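Structural features, examined
Listed below, chain by chain, are the residues.
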Amino acid sequence: MKDGVKKILLWSFTPDDWQVCCKVLDDFFAGEAVEIEKMSFVTQTRANYDDIDLALVTASEWYHFVKQLVPEGVPVIWIKHTIDQENFDKLSAAAQTQKISVVADTPFYAEQRLRMLVGLGLRENALEIWYPGLPEDKLGPIVLIFEEAGLTWEPDREYIHFYGRGMISTETLIQMAAALNMLHLLETDFYRKYNRSVKYASRQISDLIDIGDYYAAAQKKVVNGLLYFVPDGLISHCNFNAAVLLGISSSQIIGKTLPEVFPFLGEWMDRLEEFGERVVKFGGRELVFDLWTTSTHGIYAGYILISDYKAEKEKELRLRTQMLKKRQHAKYTVYNIKGESEAIERCRKTAMKFARSRASVLITGASGTGKELFASAIHNASARRDGPFVPINCGALVESLLESELFGYESGAFTGAKKEGKQGLFEVAHGGTLFLDEIGEMPLGLQVKLLRALQEREVVRVGGHNVIPVDVRIIAATNRDLRTLVKEGKFRTDLYYRLNVLPLELPGLDERREDILPLFYDIRNDEGYSFELDREARACIMSHNYEGNVRELHNCVEYLGSLEQDLVRYEDLPSYMKEGTHSCTRGREPALGTEGLSREADLVLGAVRALKEQGKAAGRRSICLYLRDRGENLSEMRIRTILEELSGSGEIGVGKGRMGVWINPNRRNDPINPK
């Protein structure tokens with residue numbers, strides 16, 4: 001710094017990037033002793049950069065190059081770009097129905113601009129790039145221009161200009177103000193107005209802002225405050241709830257580093273990902289700090305959810321009281337486990353064998369595969385069926401509350417504890433089964449106490465000394481890979497082997513596709529709907545990749561039932577099921593080959609013909625027995641699916657009662673008769 005003037009080096013690939021950046025920087029530093037020197041690979045003339053106080057690069061590609069130019073210790077900030085909020089909202093709405101063209105001078109820069117827009121939250125499949133050399137008739141009805149690129153303007157298109165790389169993000173302005181020790185710039189009218197007008201450049205921030213209440217509801221927490229910090233722990237966002245809980249105004253927080261505001265975080269700065277969720281004292285109050293780290297392009301940032309410990313504890317205690325007032329019992333039996341595929345039948349048989357044992361069961365499988373359903377069925381088929389079945393979600397409570405939930409507490413164990421103390425769930429489940437759902441989320445510290453309870457078959461309440469013997473069978477479940485967690489040091493090896501005595505791995509719907517349509521109709525009937533599906537809708541439903549498994553299938557039924565239509569067509573399906581990422585093809589049933597019917601469908605048609613010739617009704621049971629006598633093993637559930645497919649395509653007719661099934665002579669002249 002010379003003569004009190006702070007010198008900023010602005011580096012870009014070419015001078016084209018300077019225009020928008022300098023306009024924002026001039027307004028941001030208006031009235032300050034700041035000098036901005038523009039430099040690029042085209043215009044570089046300096047021999048050294050010893051007098052530079054801050055370097056800015058317009059793209060991450062130049063970061064390390066410029067880092068070598070300036071003296072050691074001079075901050076180098078990569079300018080993140082964005083667009084204004086008004087145009088973002090406009091584009092976001094348009095992207096639901098229209099294609100948007102992103103225009104730049106070269107394919108490289110066009111792709112970069114598209115990546116920025118996707119990072120802001122626009123749907124990628126609604127965006128397409130355009131650059132000189134491509135035909136202009138490929139342009140969409142909305143055109144975003146980042147460089148002129150020699151376009152011919154057409155009156156039927158809408159043009160939106162973002163010359164250069166876009167607007168500078170407010171995150172970057174905060175980092176600049178902090179690096180130059182000029183945080184007062186965040187109090188200016190220009191910054192306040194600019195901050196309100198632009199879309200946050202980080203998708204992580206835009207997704208997090210104002211979601212405190214939503215997150216709290218999902219986690220059964222009280223209202224939370226939210227802080228967001230960029231690299232180096234610089235706080236860039238503080239919502240109203242956080243300011244109230246901390247007793248500090250947002251202006252006293254934004255632009256400062258985490259240790260400046262929260263001294264207790266100083267020792268954690270190099271390993272923030274380990275901080276997790278903790279109760280801390282701040283400003284005379286006990287607060288719960290729930291700290292998360294995230295990464296964008298390898299640069300780490302994060303956010304902190306803040307809640308009042310006393311209010312959260314009171315709510316958890318109310319929930320616990322309500323839960324324990326309910327009669328603890330298993331709702332489901334093996335008869336509630338639906339499906340006739342080999343995969344699910346194998347799991348049913350294994351579960352019933354496990355029911356006869358006293359050993360611990362570990363149920364694994366993706367979300368929505370029915371882990372609690374199987375746990376309940378195992379309990380109801382076991383010798384402990386008359387005892388309690390007590391479920392608990394190990395990922396839903398903070399460590400201290402989960403501990404008192406499982407093991408109970410004595411009078412005076414903590415502030416707010418009942419005078420008479422409280423039974424833990426191990427005691428409540430005595431003589432029955434304790435179902436530990438989401439066991440992979442259990443904190444390491446609590447895993448030690450759980451292991452001792454399993455080994456010794458006894459517990460000690462929080463704040464107590466008396467040993468309480470318990471007779472409890474453990475069934476645990478998780479959708480995480482515990483072996484990987486063991487290798488990463490996030491799950492104890494000894495506890496893993498103590499739980500994984502009887503492993504039961506549940507298949508996803510993709511591994512039992514023959515169950516999809518029968519399950520769909522079962523759910524439809526259970527929910528009281530009566531709609532039918534046309535051929536294309538059935539094809540898509542049977543081919544869809546159900547990442548949420550049965551839970552997602554259930555949601556699909558609920559959605560279609562809410563349409564209140566007698567016949568559901570392909571066009572009526574939820575949009576996510578019709579996207580190109582799924583394997584369904586309009587007009588073709590997955591079970592039918594491209595040259596006609598599948599082999600299984602031909603076998604069923606042949607069985608129907610043969611039974612009719614013998615004067616017998618062709619029902620599912622009789623078709624199944626007929627095929628089994630001829631060495632063809634199709635389950636009744638699979639036959640039901642095939643009959644529904646054939647009925648929908650007009651190959652057969654289906655009557656009520658003893659009428660059974662008949663072949664439509666207008667569709668097939670000579671169905672194959674199995675030998």
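Residues numbered from 1 in each chain as written. Predicted model: local features only at pLDDT ≥ 70, side-chain atom pairs only at ≥ 80, totals over all residues. Heavy atoms only, no water.

1. Here we look at the pattern of salt bridges
Which entries qualify depends on this criterion: Whenever Lys or Arg places a side-chain nitrogen within 4 Å of a carboxyl oxygen from Asp or Glu, that contact is recorded as a salt bridge.
Evaluation of the coordinates by the stated rule reveals 21 salt bridges. A salt bridge links glutamate 458 to arginine 452, with the nearest nitrogen and oxygen atoms 3.5 Å apart.

2. Some words on the nonpolar core
Under the convention used in this document: What is meant by a nonpolar core is a set of buried Ala, Val, Leu, Ile, Met, Phe, Trp, Tyr and Cys residues, joined one to another through side-chain atoms within 4.5 Å. Think of it in three bands: with a 1.4 Å probe and only protein chains considered, a residue is buried below 20% of the maximum accessible area for its type, exposed above 50%, and partly exposed in between. Note on conventions: DSSP H or I runs of at least 4 residues are helices, E runs of at least 2 residues are strands, and numbering of each starts at the N terminus. Any pair of residues with heavy atoms lying within 4.5 Å of one another is described as a contacting pair.
In terms of nonpolar packing, the biggest core is built from 35 residues, with Leu406, Phe426, Leu434, Leu436, Ile439 and Phe491 touching the most fellow members. Every element with two or more residues in this core is listed here: strand 17 (389–393), helix 14 (399–407), helix 15 (425–428), strand 18 (433–437), helix 16 (444–456), strand 21 (473–478), helix 17 (482–487) and helix 18 (493–499). Here this core gets five residues from one element, more than from any other, and that element is helix 16. Setting aside its immediate chain neighbours within four residues, leucine 406 contacts Ile392, Gly424, Leu425, Phe426, Leu434, Leu436, Met442 and Leu446.

3. Some details on the packing of aromatic side chains
We apply this condition: What counts as a ring pair is set by centres within 6.5 Å for rings of Phe, Tyr and Trp (its six-membered ring), and what kind of pair is set by the plane angle: stacked under 30 degrees, edge-to-face over 60, tilted for all other angles. A positively charged side chain is recorded as over a ring if its NZ (Lys) or CZ (Arg) lies within 6 Å of the ring centre. The angle to the ring normal must also be within 35 degrees.
Summed over all chains, the structure comprises 14 aromatic pairs. Measuring from ring centre to ring centre gives 5.1 Å for phenylalanine 262 and phenylalanine 289, while their planes differ by 85 degrees; the resulting arrangement is edge-to-face. One end of the pair, phenylalanine 262, is in the loop between helix 10 (258–261) and strand 13 (277–282); the other, phenylalanine 289, is in strand 14 (residues 285–296), with 27 residues separating them in the sequence. Judged by its relative accessible area of 0%, phenylalanine 262 falls in the buried class. The ring of tryptophan 78 is capped by lysine 80, whose NZ or CZ atom sits 4.9 Å from the centre of that ring.

4. Focus on the environment of isoleucine 52
Tracing the backbone through its elements, the reader meets isoleucine 52 in the loop between strand 2 (34–40) and strand 3 (54–57). Sequence separation of isoleucine 52 and isoleucine 8 is 44 residues, and the distance between their C-alpha atoms is 6.0 Å. Ignoring any residue separated from it by four or fewer positions in sequence, one finds isoleucine 52 in contact with Lys7, Leu9, Arg46, Val70 and Val74.

5. A few points about the confidence of the model for the protein
So the rule is basically this: For every residue, the predictor assigns a confidence score, pLDDT, that lies between 0 and 100.
Model confidence for the protein is summarised by a mean pLDDT of 79, while 82% of its residues fall at 70 or above. Mean pLDDT values for the elements of the protein range from 42 in helix 8 (residues 212–218) up to 96 in strand 16 (residues 361–364). Here residues 203–220 scores under 50 on pLDDT; set against residues more than four positions off or in separate chains, the count is 40 contacts. In this model, residues 668–675 is a region of pLDDT below 50 whose contacts with residues beyond four sequence positions or in other chains number 24 contacts.

6. Looking at the sheet that holds strand 7 (residues 127–130)
Keep this limit in mind: Two strands form a pair only when DSSP identifies at least two bridges running between them. To obtain an axis, a line is fitted to C-alpha atoms, over the contacting stretch when the element is a helix, and the angle between two such axes runs from 0 to 180 degrees between their N-to-C directions.
Ordered by their spatial adjacency, four strands build an open sheet running 7-6-8-9, and the pairing between neighbours is parallel. Two strands bound the open sheet, and with one partner strand each, they are strand 7 and strand 9 (158–161). With strand direction ignored, the average angle separating the axes of adjacent strands in the sheet is 25 degrees. In this sheet, strand 9 lies alongside strand 8 (residues 142–145) in parallel orientation, the contact comprising four bridges. Each bridged residue has a counterpart across the sheet, and for isoleucine 145 the counterpart in strand 9 is histidine 161.

7. A closer look at the packing of helix 19 (residues 516–526) against helix 20 (residues 535–543)
For clarity, the threshold we go by: If an angle is under 35 degrees, it is roughly parallel; if it is over 145, roughly antiparallel; if it lies from 65 to 115, roughly perpendicular; otherwise it is oblique.
Look at helix 19 against helix 20: their axes get within 9 Å of each other, and the N-to-C directions meet at 110 degrees. Comparing the axis directions of helix 19 and helix 20 gives the class roughly perpendicular. Of helix 20, the residues touching helix 19 (which contributes Ile516, Leu517, Phe520 and Tyr521) are Arg538, Ile541 and Met542.

8. What to know about the side chain of aspartate 308
Applicable threshold: Under the rule applied, a polar contact is a pair of N or O atoms within 3.5 Å (in protein, one hydrogen donor and one hydrogen acceptor; residues adjacent in sequence only if both atoms are side-chain atoms).
Note on placement: aspartate 308 falls in strand 15 (residues 299–308). Judged by its relative accessible area of 15%, aspartate 308 falls in the buried class. Polar contacts involving the side chain of aspartate 308 include one to the side chain of arginine 285, which spans 2.8 Å.

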